[in-house]
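Each chain, letter by letter, is given below.
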Amino acid sequence: IYKDENRSLVKIDELPSYLIDATVSIEDKDFWNHAGFSPIGIIRAIYHNWLAANDKFQGGSTITQQLIKNTLLTPEKTIKRKVRELILSVWVERVFSKKEILEMYLNEVSYGGTAYGIQEASQQYFGKNAVSLSLAEAALLAGLPAAPTAYSPFGINQEKAKERQADVLRRMTEDKNISAETAGEALKQEIKLSQNSTNIKAPHFVMYVRDWLASKFGEDMLNNGGLKVTTTLDLDLQEFVQKTVTDEVSSLKKLRVANGAALVTDPKNGEILSLVGSQNYFDFQHDGQVNVVFRPRQPGSSIKPIMYAAAFQKGFTPASVILDAPISFPNPGSKPYSPVNYDGKFHGNVPIRTALASSYNIPAVKILSTIGVNTMIDQGEAMGIKTWGDRKRFGLSLTLGGGEITMADMAEAYGTIANYGNHVPLNPILKVENSQGKVLFQSFPGIPDRAMPAGVAFQLIDILSDPIARAPAFGTRSVLNIPGHQVAVKTGTTNNLRDNWTFGFTTDFVISAWVGNNDNSPMSYIASGITGASPIWAKITQGILSRRQTPFAFPQPQDLITVKICVLTGQLACEGCPGRDEFFVPGTEPKSACRPETIEEIKRKQ
């Protein structure tokens, strides 16, 4: 990443007056009156940077000072340089008129990427000359110089560009440059970005890394440090994943599916191997720049393994039998909460193994009502969920996907299970060097946080990789079954058909997939496990596992025992009962056996 200045000069008299007003309002509202510096700004900067020992340096610079810093001084942040900047700013104000200073600033300042000066910025973002900018476009551009990466409409968080545009229009209103009505109309105006795409490979990942670098090192270092960045991306895998997402979403247009995303990570070290944030980043007409990997959306039933991870540490086991029957829970202030299953049926007594693998809703809600919502939230946050925030918002529907998450966080959560209970944050960077080759950052494996016992993680793994346990919901020939390999997988679809997910893993890969629409409109029909995200997940998983020479299977940890249990009662198997071998953390296995007469009675009722 380097500073490659691309600049075209423009006369200030040719520019729209509202562009000039927008720049002054957001950057330096006293520009027309001060002598080159702002005493209040200097006092504020001294307080934040030295007296308050703030981690983030604040400049308090006027437009004149910014011009001096960009053209005559180095970007170092020292008192000595700041004094030089003040002295030179005063002299510049004596030599040049305000219009000349502002014209030089508008032709000099960085607006992000290779765009230096307002003319190149206008061409880069809107494909037009600066003289033709609308008020809405001018306000968006005027807000960029403070943090071009963070506020870029092409960046990872497009909503920040819109928020910054709103700040500029608000400042213009406060300075009485425009009316509140005019500001409101400009804010509602649809911004059409230029479709002049550049030859960037893995563009969503590139923009994510740029944002990561800017947050860690600052805009000056990002643009002027000559950074050489070694990332975790596997480019061959990235291109395969992108093609898989693009092809599958194209085949789903008749189902009103317009977008898809996928993420491949290594659970052992958190490395991001592939990141596809949309079907086509360069589809400006349909918001292709929106990176769904980092957008909060509802997870549906894909969140259930987090709840069961907590439940297994509170006395439940894969053999615990739960009654799947109609039930209502009191809901103060509104009608009782009555969960229903995805298939609209009730399945009687079912072991947790089947309830989780076949994604039955009622058993999950019943268990959550027993262990408590806070217990599930604690477990989720330990596994990497960062979006739940205020716990008071959530009730029992949390285990059915009632709390928004990001794909990135869910990849961490499933990676924790794949890593046998060890949580490792996602990591896109291996090494960052400056232009002199000095290493500024290097990724070293740290000590992971233990989010659950290894035995509990393996119980979840064994259930999620059990094709027989999920057969009641998905059949025996689902695309979730990967021939020749043991792979754990869970799907999720929201009730309103706005999001369809599949998360699956081995010990070496976590593969996450999503389909839906950026505008949150519902899809017409998606059968979880058959269409949508599942085929994307399956094709990526098969492509990755095809590299292996031998079949994959999860190793069993030592702190588990195997006990033959009755699948009808969850007790130790007795004569005549349908039994299976089940894994238990020592001490949690059943202590008593079922009775033949009980089995006969259950069979008669069935």
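Residue numbers run consecutively from 1 along every chain, following the written order of its sequence. Where local features are concerned, this predicted model is filtered to residues with pLDDT of at least 70; where side-chain atom pairs are given and counted, the filter is 80 or more; whole-chain, interface and lining totals use all residues. As a rule here, side-chain values come from all non-hydrogen atoms in the structure, and water together with hydrogens is ignored.

As a further point, take the overall build of the chain. Secondary structure summary: the chain contains 22 helices and 16 strands in total. Judged by the C-alpha coordinates and their principal axes, the chain covers about 100 × 50 × 45 Å. In the chain, the share of contacts with a sequence separation of at least 24, taken over all contacts with a separation of at least 6, comes to 69%. By the counting rule applied here, Lys and Arg register as positive and Asp and Glu as negative, while His and the ends of each chain are not counted. All charge positions are set by atom: Lys at NZ, Arg at CZ, Asp at CG, Glu at CD. For the chain, the distance from the average site of its 62 positive side-chain charges to the average site of its 60 negative ones is 3 Å. Every helix listed is a DSSP run of H or I at least four residues long, and every strand listed is a run of E at least two residues long, numbered separately from the N terminus. For this analysis, residues touch if any pair of their heavy atoms sits within 4.5 Å.

Should the sulfur atoms of two cysteines be covalently bonded, the bond is a disulfide. When two cysteine sulfur atoms lie within 2.5 Å, the pair is treated as a disulfide. Applying the stated criterion across every chain, the model contains 0 disulfides. Here Cys566 is not disulfide-linked; the sulfur of Cys577 is the nearest cysteine sulfur, at 3.9 Å. Since its relative accessible area comes to 0%, Cys566 is described here as buried. For each residue, the accessible area found with a 1.4 Å probe, counting protein chains only, is set against the maximum for its type, and the residue is called buried under 20%, exposed over 50%, and partly exposed in between.

Core analysis: the biggest nonpolar cluster contains 83 residues, and Met307, Tyr308, Ile367, Trp388 and Phe505 have the highest contact counts within it. Working definition of a nonpolar core: buried Ala, Val, Leu, Ile, Met, Phe, Trp, Tyr and Cys residues. They are joined through side-chain atoms within 4.5 Å. Counting 34 residues, the second-largest nonpolar core is a separate cluster that includes Val109, Ile118, Phe154 and Leu193.

On to unusual backbone geometry. Non-glycine residue Lys176 carries a positive phi angle of around 60°. Mapped onto the secondary structure, Lys176 falls in the loop between helix H9 (158–174) and helix H10 (180–188). Of note in the backbone geometry, Tyr420 takes a positive phi value of approximately 55° without being a glycine. Along the chain, Tyr420 turns up in the loop between helix H18 (407–418) and strand S8 (422–423). In this structure Tyr420 comes out as buried when scored by relative accessible area, which is 13%.

Right, let's talk about the packing of helix H14 (residues 304–312) against helix H19 (residues 454–464) for a bit. When two helices pack together, you describe them by how their axes are tilted relative to each other and by the distance separating the axes. At a minimum axis distance of 10 Å, the contact between H14 and H19 shows a crossing angle of 135°. In this view, H14 runs oblique relative to H19, as classed from their interaxial angle. Once H14 is placed against H19, the crossing between them reads as right-handed. In this structure, H14 uses Pro305, Tyr308, Ala309 and Phe312 to contact H19, whose residues at the interface are Val456, Gln459, Leu460, Ile463 and Leu464. Note that Gly is not counted as nonpolar here; it falls among the polar residues with everything else outside the nonpolar set of Ala, Val, Leu, Ile, Met, Phe, Trp, Tyr, Cys and Pro and the charged set of Asp, Glu, Lys and Arg. Among the residues making up the contact of H14 with H19, the classes are represented as 8 nonpolar, 1 polar and no charged. Only the contacting stretch of a helix is used when fitting its axis, a line to C-alpha atoms as for every element, and angles between N-to-C directions run 0 to 180 degrees. Each angle is binned into one of four classes, with values under 35 degrees roughly parallel, values over 145 roughly antiparallel, values of 65 to 115 roughly perpendicular, and all other values oblique. Left-handed describes a crossing in which the near helix is turned anticlockwise from the far one by less than a right angle; the clockwise case is right-handed.

Here the chain averages 90 in pLDDT, while 93% of its residues score no lower than 70. Confidence over residues 52–59 falls short of pLDDT 50; this stretch has 13 contacts with residues more than four positions distant or in other chains. pLDDT expresses, on a scale from 0 to 100, how confident the predictor is about each individual residue.

With respect to topology, 3 strands assemble into an open sheet ordered S3-S9-S10, the strand pairing being antiparallel. Two strands lie at the open edges of the sheet, namely strand S3 (228–231) and strand S10 (439–442), each paired on one side alone. In this sheet, neighbouring strand axes are inclined to one another by 10° on average, regardless of whether the strands run parallel or antiparallel. Across 3 bridges, strand S9 (residues 429–433) lies against S10 in antiparallel orientation. Note that in S10 the partner of Val432 across the bridge is Phe441. Set on the sheet, helix H11 (residues 203–217) makes contact with S3, S9 and S10; between it and S9 the angle comes to about 55°. The rule for pairing is simple: two strands pair if DSSP sees at least two bridges between them.

This part covers the packing of aromatic side chains. The rule is short: rings of Phe, Tyr and Trp, with Trp giving its six-membered ring, pair when the centres are within 6.5 Å, and they are stacked under 30 degrees, edge-to-face over 60, tilted in between. For the coordinates displayed, the defined rule picks out 16 aromatic pairs. Look at Phe31 and Trp32: their rings are 5.0 Å apart centre to centre, the planes differ by 70°, and that puts the pair in the edge-to-face class. A centroid spacing of 6.4 Å and a plane angle of 20° characterise the contact between Tyr420 and Phe458, whose relative ring orientation is stacked. In this pair, Tyr420 sits in the loop between H18 and S8 while Phe458 sits in helix H19, placing the two residues 38 residues apart along the sequence. For Phe458, a relative accessible area of 3% puts it in the buried group. An aromatic cluster is present here, built from Tyr414, Trp501, Phe503, Phe505, Trp514, Phe552 and Phe554 joined pairwise through their rings. Positioned above the aromatic ring of Trp91 is the side chain of Arg94, whose terminal nitrogen or guanidinium carbon lies 4.7 Å from the ring centre. Stacked on the ring of Phe31, the Lys or Arg Lys98 has its end atom at 4.5 Å from the ring centre. The criterion for a charge sitting over a ring is simple: Lys NZ or Arg CZ within 6 Å of the ring centre, and within 35 degrees of the ring normal.

Turning to its location among the elements, Leu67 is positioned in helix H3 (residues 63–71). For Leu67, a relative accessible area of 5% gives the class buried. Here the alpha-carbon distance between Leu67 and Ser465, two residues 398 residues apart in the chain, equals 61 Å. Apart from the residues within four sequence positions on either side, Leu67 is in contact with Ile101, Met104, Tyr105 and Glu108.

Turning next to the sheet that holds strand S12 (residues 488–493). Here we have 5 strands laid out as an open sheet, ordered S5-S4-S14-S13-S12, and antiparallel in their pairing. What marks the edges here is a single partner per strand, and that holds for strand S5 (272–276) and S12. Sheet twist, expressed as the average angle between the axes of neighbouring strands with direction ignored, equals 10°. Here 4 bridges tie strand S4 (residues 259–265) to S5, and the two strands are oriented antiparallel to one another. Bridge assignment links Leu263 to a residue of S5, and that residue is Leu275. In the packing of helix H13 (residues 235–251) onto the sheet, contacts are made with S4, S5 and strand S14 (510–516), and the angle to S5 comes to roughly 30°.

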